[in-house]
Amino acid sequence: MRILITGGTGFIGRNLCKELLRVGHQLTVLSRKPETVPEKCGVEVSALGSLEEWTPELHFDAVINLAGEPIVGSRWSERRKRILWDSRITLTERLVDAIRKAKSKPRVLISGSAVGVYGNQGDTILDENSAPVPNGFGQKLCQAWEDVALQARECGVRVCLLRTGLVIGKNGGFLQKMLLPFKLGLGARLGNGKQWMSWVHIKDHIAMTQYLLGSHALDGPFNLTAPEPVTNEEFTQSLARILKRPALLSVPAWFLRLSAGEMAELMLGSQRALPKRFQNEHFKFSYKTLGSALWDALFASRDANIS
Ligand SMILES: NC(=O)c1ccc[n+]([C@@H]2O[C@H](COP(=O)([O-])OP(=O)(O)OC[C@H]3O[C@@H](n4cnc5c(N)ncnc54)[C@H](OP(=O)(O)O)[C@@H]3O)[C@@H](O)[C@H]2O)c1
């Protein structure tokens, strides 16, 4: 297949490119720095520097849309919210517009989202039929991202939405950011630690994306999460145990809200999402338990897995 990938230079994108190349697909990556694409994604990968370069004559069989300014970072000022919004919603609007103009349309658009689309739902078990609860900027961002992508259906394109949990893998993602304090024995529960964290190993995430690429009938939202979400307390203790360090501290919710502002919703919000639609497909997860996923990401040799 000829596949266009936005965000292909990122943590998920680079790993996805490696696997898609391995199975013989032809890839083009849209990047703000197209000159870095061969090094990050593979020498055989073509690059587009802007969507204007997608002329109506250019044909892609599939589009995978992962681009987005990192959601965790500096505080969500109005300016930063604008960047987060434009890098996902405005870019996806342009992508759908390019699909509309293409003489020969892609068969499928696989577009990013996150379990944050459900909002803060406490202990409620969430599957793809669960109704999102409006809850702050992060939820609104995911909802708008999905709504825009779904517009591609009007051109007869199958649209799959990746409601992704926290992705665990080597050399990137949220785990990388958490490692230093945990290694120093400063790992801490966030708030009361009862909020649910839905996670997924990068290898399963990529396999699920490939599954959607290859299926002709599946569309709509999919939870890209492992079948066993954990609470923040369990996550904290599992990571500390595997690193053989203590995690006796906790960061109070009020302190997170004070220091991170609105962004604290990412750390304190609870999504207990199950990959129901993939379970119905009898999808075989390589990493069902958090312990096995963490162990692989932290200790397995690089050659034994996708890096
Ligand atoms: N990793 C996770 O745990 C996780 C969980 C849930 C959802 N997601 C979503 O999945 C997507 C991919 O995640 P990731 O971890 O691979 O992200 P990442 O490593 O931060 O990569 C995102 C890519 O998006 C592009 N990008 C960044 N800022 C941009 C901006 N301001 N305007 C346009 N493009 C921009 C970059 O490509 P160029 O620099 O080449 O332009 C970058 O390589 C993201 O949209 C993220 O929100 C990730």
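Taking an unreviewed UniProt entry as the reference, the chain is identified by name as Epimerase family protein YfcH belonging to Methylocaldum szegediense. Database annotation for the chain, UniProt heading Sequence similarities (unreviewed entry): "Belongs to the NAD(P)-dependent epimerase/dehydratase family. SDR39U1 subfamily."

K.L.:
I keep staring at the overall build of the chain and nothing clicks. Help me out?
P.N.:
When its secondary structure is counted, the chain shows eleven helices and 15 strands. Structurally, the chain occupies a C-alpha span of about 60 × 40 × 40 Å along its principal axes. Counted over contacts in the chain with a minimum sequence separation of 6, partners at least 24 positions apart contribute 78%. Taken as a whole, the chain presents about 14200 Å² of accessible surface, with 54% of it coming from carbon and sulfur. Between the mean site of the 39 positive side-chain charges and the mean site of the 29 negative ones, the chain shows a separation of 4 Å.

K.L.:
Would you mind showing me how to read the packing of aromatic side chains here?
P.N.:
The geometry of two aromatic rings is summed up by the distance between their centres and the angle between their planes. By the definition in use, this model includes eleven aromatic pairs. Judged by centre distance (6.2 Å) and plane angle (90°), the rings of Tyr-211 and Phe-283 are edge-to-face. Of this pair, Tyr-211 sits in helix α6 (residues 202–214) while Phe-283 is found in the loop between α10 (276–280) and α11 (290–299), placing the two residues 72 residues apart along the sequence. Phe-283 sits in the buried class, given a relative accessible area of 14%. The ring of Trp-145 carries Arg-88 above its face, with NZ or CZ at 5.2 Å from the centroid. Directly above the aromatic system of Trp-196 lies the positively charged group of Arg-272, at a separation of 4.0 Å from the ring centroid.

K.L.:
Looking at this structure, I do not really get unusual backbone geometry. What am I missing?
P.N.:
Across the chain, the bulk of peptide bonds are trans and the bulk of non-glycine residues have phi less than zero. With phi around 55°, Asn-171 is a residue other than glycine that occupies positive phi space. The topology assignment puts Asn-171 in the loop between β8 (166–168) and α5 (173–183). Accessibility expressed as a relative area gives 44% for Asn-171, which makes it partly exposed. One non-glycine residue with positive phi stands out, namely His-282, at about 60°. Assignment of secondary structure puts His-282 in the loop between α10 and α11. Overall, the relative accessible area of 69% leaves His-282 in the exposed class.

K.L.:
When you look at the side chain of Thr-6 in this model, what are you seeing that I'm missing?
P.N.:
Its place among the elements puts Thr-6 in strand β1 (residues 2–6). At a separation of 3.1 Å, a polar atom in the side chain of Thr-6 contacts the main-chain amide nitrogen of Ala-67.

K.L.:
Hey, could you run me through the sheet that holds strand β7 (residues 158–164) in this one?
P.N.:
The strands that make up a sheet are held in pairs by hydrogen bonds between backbone atoms, and each pair lies either parallel or antiparallel. Strands sit in the order β3-β2-β1-β4-β5-β7-β12 across an open sheet of seven strands; the sheet is parallel. Each edge of the open sheet is held by one strand with a lone partner, namely β3 (46–48) and β12 (220–224). In this sheet, adjacent strand axes meet at a mean angle of 20° when their direction is disregarded. The sheet contact formed by β7 and β12 spans five bridges and is parallel. Residue pairing in the sheet places Cys-160 in a bridge with Gly-220 of β12. Where helix α3 (residues 78–101) meets the sheet, its contacts fall on β1, β2 (26–30), β4 (62–65) and β5 (108–114), and the angle it forms with β4 comes to roughly 175°.

K.L.:
Sorry, what's going on with α5 here?
P.N.:
Counting along an α-helix, one turn takes 3.6 residues, and residues three or four places apart therefore face a common direction. Taken together, the buried positions of α5 are Phe-174, Leu-175, Leu-179 and Phe-182. Along the axis of α5, the buried residues cluster in a sector spanning 145°; they form a single face. Exposed and oriented more than 90 degrees from the buried face of α5 are Lys-177 and Leu-180. Against β8, β9 (188–190), β10 (196–197), α7 (232–242) and α11 lie the buried residues of α5.

K.L.:
Explanation requested: the pattern of salt bridges in the structure shown.
P.N.:
Side-chain pairing between opposite charges can occur once the charged atoms of the two side chains come close. For the coordinates displayed, the defined rule picks out eleven salt bridges. A salt bridge links Arg-22 to Glu-19; its shortest N-O distance comes to 2.8 Å. Taken together, the residues span about one helical turn, with Arg-22 and Glu-19 both in helix α1 (residues 11–22) at a distance of three residues. Classification of Arg-22 as exposed rests on a relative accessible area of 60%. Two residues, Arg-163 and Glu-146, come together in a salt bridge whose shortest N-O distance is 2.8 Å. Linking Arg-163 in strand β7 with Glu-146 in helix α4 (residues 136–150), this pair joins segments that are 17 residues apart in sequence. In this structure, Arg-163 and Glu-146 share a single accessibility class: buried. Sharing partners across several salt bridges, the network here consists of Glu-78, Lys-81 and Glu-262.

K.L.:
Would you explain the site of the ligand in this entry?
P.N.:
As a matter of local geometry, the ligand sits amid 22 residues, with Thr-9, Ile-12, Ser-31, Arg-32 and Arg-88 nearest to it. The separation between an oxygen atom of the ligand and a polar main-chain atom of Ile-12 is 2.8 Å. One of the side-chain nitrogen or oxygen atoms of Arg-88 is found 2.8 Å away from an oxygen atom of the ligand. Burial of the ligand by the protein chains amounts to 81% of its free accessible area of 880 Å². Of all elements in the fold, only α1, α3, β5 and β8 reach the threshold of two or more residues within the shell around the ligand. Sort the elements by how many residues they give to the shell around the ligand and α3 lands first, with three residues. Across the shell around the ligand, the residue classes break down as ten nonpolar, nine polar and three charged.

Thresholds, definitions, all that
Within each chain, residues carry numbers counting from 1 in the order of the written sequence. The predicted nature of this model means local features are confined to residues of pLDDT at least 70 and side-chain atom pairs, given and counted, to a pLDDT of 80 or more, with totals for whole chains, interfaces and linings taken over all residues. To obtain the side-chain values, all non-hydrogen atoms of the structure were included, while hydrogens and water were left out. UniProt positions are given in the numbering used here, feature names are shortened, and annotations may be inferred rather than shown by experiment. The helix and strand labels rest on DSSP assignments: H or I over at least four residues marks a helix, E over at least two residues marks a strand, and numbering proceeds from the N terminus. Contacts are assigned to residue pairs that have any heavy atoms within 4.5 Å of one another. Working definition of accessibility: Shrake-Rupley area with a 1.4 Å probe, residue cover restricted to the visible protein chains. As used throughout, the charge tally considers Lys and Arg to be positive and Asp and Glu to be negative, leaving His and the chain termini uncounted. In plain terms, the charge of a residue is placed at NZ if it is Lys, CZ if Arg, CG if Asp and CD if Glu. Think of it this way: a Phe, Tyr or Trp ring, Trp meaning its six-membered ring, pairs with another when their centres are within 6.5 Å, and the plane angle makes it stacked under 30 degrees, edge-to-face over 60, tilted otherwise. Buried means the residue's accessible area, taken with a 1.4 Å probe over protein chains only, is under 20% of the maximum for its type, while exposed means over 50%, and partly exposed covers the values in between. Either the NZ atom of lysine or the CZ atom of arginine qualifies as a charge over a ring when it sits within 6 Å of the ring centre and within 35 degrees of the ring normal. Under the rule applied, a polar contact is a pair of N or O atoms within 3.5 Å (in protein, one hydrogen donor and one hydrogen acceptor; residues adjacent in sequence only if both atoms are side-chain atoms). Any two strands are treated as partners once DSSP identifies two or more bridges connecting them. For helices, the fitted axis covers only the stretch in contact; all axes are lines through C-alpha atoms, and the angles between them, taken along N-to-C directions, range from 0 to 180 degrees. Starting at the helix axis, one direction is taken to each C-beta atom, and the arc is that of these directions. By convention in these notes, a salt bridge is any Lys or Arg side-chain nitrogen within 4 Å of a carboxyl oxygen on Asp or Glu. Near, as used in this document, describes a residue that has one of its heavy atoms within 4 Å of the molecule or strand being considered. Three residue categories are used. Nonpolar comprises Ala, Val, Leu, Ile, Met, Phe, Trp, Tyr, Cys and Pro, charged comprises Asp, Glu, Lys and Arg, and polar comprises the others, including Gly.

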